[in-house]
Amino acid sequence: MAEKYDIIAATGCPTGIAHTFMAKEALEKAAAERGLTIKVETHGQVGIENALTPAEIAAARAVVVAADKDVNAERFAGKPMVSVGVSRAISQEAAGKLIDDALAAKADPNAVAAVAQEAPSAEKESFGHQLYKHLMNGVSHMLVFVVAGGVLTAVSFLWGITSFDSTASDYNTFAAMLKTIGGIAMNLMVPVLSAYIAESIGKRPALVPGFVAGMIAIQGLPVSAETGLIDAGGSGVGFGFLGGIVGGFLSGYVILLLEKVFAKLPANLNGLKAIFLYPLFSTLIVGLVMLGISGPMVTINNGMMDFLRSLQHAGAIPLGIAIGCMCAVDMGGPVNKAAYVTGTMLLGAGLEAGVGTSEYADGTAFMAAVSAACIVPPLVTSFAVIAGKKYFSQEDHDAGIVNIILGCTHITEGAIPFMTKNIWPVMPIMMVSSAIASVLTLLLGVHVPAPHGGFLVLPVVDGGLQWILAILVGTVVGGILFTAFKKHEWTREQASISAEPAAPASVAEPVSAEVDSVKPQQVDEAKADEAEVAGGFVKASNVFCDQKVDGRDAALKFISDNAVAAGIADDADALLAAFLKREEEGTTGMVDGFAIPHAKTDAVKQASVMVLKAPEGVPGWDTMDEAPVTCAIALLVPEAEAGTSHLQILSKVAMALTDDDFRAACKDATDPAAVASLINERLV
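As the structure is a computational prediction, the values presented were derived from the model and not from experiment.

> Break down helix H6 (residues 189–202) for me, citing the residues and quoting the values.
Spanning 14 residues, H6 covers 20 Å between terminal C-alpha atoms, matching the ideal 20 Å at 1.5 Å per step. Within H6, 13 of the 14 residues are buried, leaving the element largely enclosed by the surrounding structure. Looking at the residues trailing H6, positive phi occurs at Lys-203, about 60°.

> Break down the packing of helix H7 (residues 207–219) against helix H8 (residues 240–261) for me, with residues and values.
Where H7 contacts H8, the axes come no closer than 8 Å and their chain directions differ by 155°. As summarised for this structure, H7 and H8 are arranged roughly antiparallel, according to the angle between their axes. Handedness of the H7/H8 crossing: right-handed. Taken together, the residues of H8 that come into contact with H7 (itself represented by Pro-209, Gly-210, Ala-213 and Ala-217) are Gly-240, Gly-243, Gly-244, Gly-247, Ser-251 and Ile-255. Within the contact of H7 with H8, the residues separate by chemical class into 4 nonpolar, 6 polar and no charged.

> Which residues make up the pattern of salt bridges, and what are the values?
Applying the stated criterion across every chain yields a total of 16 salt bridges. With a shortest N-O distance of 2.7 Å, Glu-28 and Lys-24 are connected by a salt bridge. One end of the pair, Glu-28, and the other, Lys-24, are both in helix H1 (residues 19–33), 4 residues apart, so they sit about a helical turn from each other. For Glu-28, a relative accessible area of 30% gives the class partly exposed. Exposure remark for Lys-24: the relative accessible area of 21% places this residue in the partly exposed category. The partner of Lys-203 in a salt bridge is Asp-70, and the shortest N-O contact between them spans 3.0 Å. Note that Lys-203 is positioned in the loop between H6 and H7 and Asp-70 in the loop between strand E4 (62–67) and strand E5 (81–84), a separation of 133 residues in sequence.

> Lay out the sheet that holds E4 in plain terms, naming residues and giving numbers.
Strands sit in the order E3-E2-E1-E4-E5 across an open sheet of 5 strands; the sheet is mixed. Every other strand in the sheet has two partners, leaving strand E3 (47–49) and E5 as the edge strands with one partner each. Averaged over neighbouring strand pairs, the angle between their axes works out to 10° when direction is ignored. The sheet contact formed by E4 and E5 spans 4 bridges and is parallel. Note that in E5 the partner of Ala-66 across the bridge is Val-84. Packing against the sheet, H1 makes contact with strand E1 (7–12), strand E2 (38–44), E3 and E4, and its axis sits at approximately 175° to E2. Most of the contacts of helix H3 (residues 92–104) go to E4, to which it runs at about 135°, and overall it touches E1, E2, E4 and E5.

> Please give an account of the environment of Gly-182 that cites residues and values.
Within the secondary structure, Gly-182 sits in helix H5 (residues 173–187). Distance from Gly-182 to Gly-149, taken between C-alpha atoms, is 3.8 Å for residues 33 residues apart in sequence. With residues up to four places along the chain from it excluded, the contact list for Gly-182 reads Gly-149, Leu-152 and Thr-153.

> Kindly report on the nonpolar core, identifying the contributing residues and their values.
Ranked by size, the top nonpolar core spans 52 residues in total, and within it Ile-323 and Val-370 carry the most contacts. At 8 residues, helix H13 (residues 358–387) tops the list of elements feeding residues into this core. In this structure Val-370 touches Ile-323, Cys-327, Ala-339 and Tyr-340, once residues within four positions along its chain are discounted. If you look at the next biggest cluster of nonpolar residues, it comprises 34 residues, including Val-376, Val-380, Met-419 and Val-426.

The rules we used
Residues numbered from 1 in each chain as written. Predicted model: local features only at pLDDT ≥ 70, side-chain atom pairs only at ≥ 80, totals over all residues. Heavy atoms only, no water. Helix = DSSP H or I, 4+ residues; strand = E, 2+ residues; numbered from the N terminus. Expected span 1.5 Å × (residues − 1). Buried < 20%, exposed > 50% of the residue type's maximum accessible area, 1.4 Å probe, protein only. Axes fitted to C-alpha atoms, helices over the stretch in contact; angles between N-to-C directions. Parallel < 35°, antiparallel > 145°, perpendicular 65-115°, else oblique. Left-handed = near helix turned anticlockwise from the far one by under 90°. Contact = heavy atoms within 4.5 Å. Nonpolar A, V, L, I, M, F, W, Y, C, P; charged D, E, K, R; others polar. Salt bridge = Lys/Arg side-chain N within 4 Å of Asp/Glu carboxyl O. Pairing = 2+ DSSP bridges. Core = buried A, V, L, I, M, F, W, Y, C linked by side-chain atoms within 4.5 Å.

Right under this line is the structure:
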């Protein structure tokens, strides 16, 4: 019998190296935090792992898709689902929100429900994200050919820059074979890109026209040199990478068109459609269109290549800054991939042109700058956790040490967990660091003939010592800035903690076995009163029992109004707006009748907890188990204190709700002082 899971998920990024598995880990942690079971299928570079079965899909309550490539989402048709890019699920907080949104989503019996993170009520993912996902599916399949072909070609240069040429003095048979193998792999780059863009759109039938379109893109329209007419034996001018993208999308959508055209054919001809009609007509249509647009595409492609090369001649500083910022701004995301793919495109053109050509010089210089920019961010975190160890958690320190390996092997994504915790100013620090490395790489005239591998390809780097120097300078500058930021953050947090009033003895003491053995309503009220007098965090005056409210918004308005009356906040409307904004991002209704509404706003003057108990239930407040909310524990935090010790204390309330005994005691307690005491005991 198949195991049942509350949540099933599929993750996948273009390279299938880091984002895929970071999202998997974040989703698993977020599900465990909510007491939910989850199974995450990963679409990595080695293929599909932890694959979901039809039975598991059918039994799941909701689906989360966090992918920038095709993960066969049509399998989930009819299930409540959210679908976002993989970068939206790499932090535990973001992953938790996706799970909440998936549970709150409505099932669509006719199609896959794709709910955007910013707008949970939407029912289909944006067309722009679909296009990006199709493109990244092609890029993810293409990159392995680029890496294999590029590295083998680069290694062949160890025997000499013309060692593949049998007429050259440095000729070597093995080097010539490496160059041949590498060249074949590189030449497959565009057809594979085109084919798998098409496959993402039109599935397997689109592979045939996709490959054909890619081959036409690299060969061009064949013309006889003697007659000037189209001639199958003539030669053409390819329109490369850009043509592969156009051909991929064209092939995929032609297949979708043919599916509609042939939809009325009898079902017993389905086999004929797949093996004959689709490949024949799609190849004919796509081939004719690709050959027909070859002239304009050659012009566009040449113009784009000239523009990219002109950036290099505009100066090392502006080009290096642009490359560095693009590579570091999203750590392996679409902007980073745009810079990297541009580098591989120029490198491919350079390797095809041959050593000694201007194309080779331009391509290898651009690739050197891109590689340096991608290597630096994880090494910045490594430098920082070593230089400022006491300012980082043990988890961050361990991750930073691992980043030494990731950085040295050109895996930028290792820096993502650090950036997601403090986007400002960590993102600008990473961008500055990468830009410095890129600028120095270009100024020092470094050339890297391999598209990936990090320091593993140092033997084939022209100017290897200068390259290392440029990377080290960027790393040290970024590491110092990052350490300074963490020191400032740590100092501020220590000052905040030292300013906190000491926890009252009555709260700090553990609950005795005698108290645990009595019924919740018999909790010592004198103890609760003593805690409040001594400065307990939760005041009995902020606990409202036996209330009756008309709905979620009314409950939040009640809390907001009473927060102002108690002097906790100074603007009830602003506080209510903050509560509602959080609810729009995903319900704060939990399980077993509890909710944790929370607001971060300047309207709050001091961090506080307020409790609203409504025994008859609050109508219209969505919860994970669909039970009506009867106890809302509201967390109110000043905007300036978000992320500091106050929020850390308040988060303990959420952790307490995972305890069955605590929930039972809260539900049964009818006296405000008793409720306050129960919560205060969990804030130690």
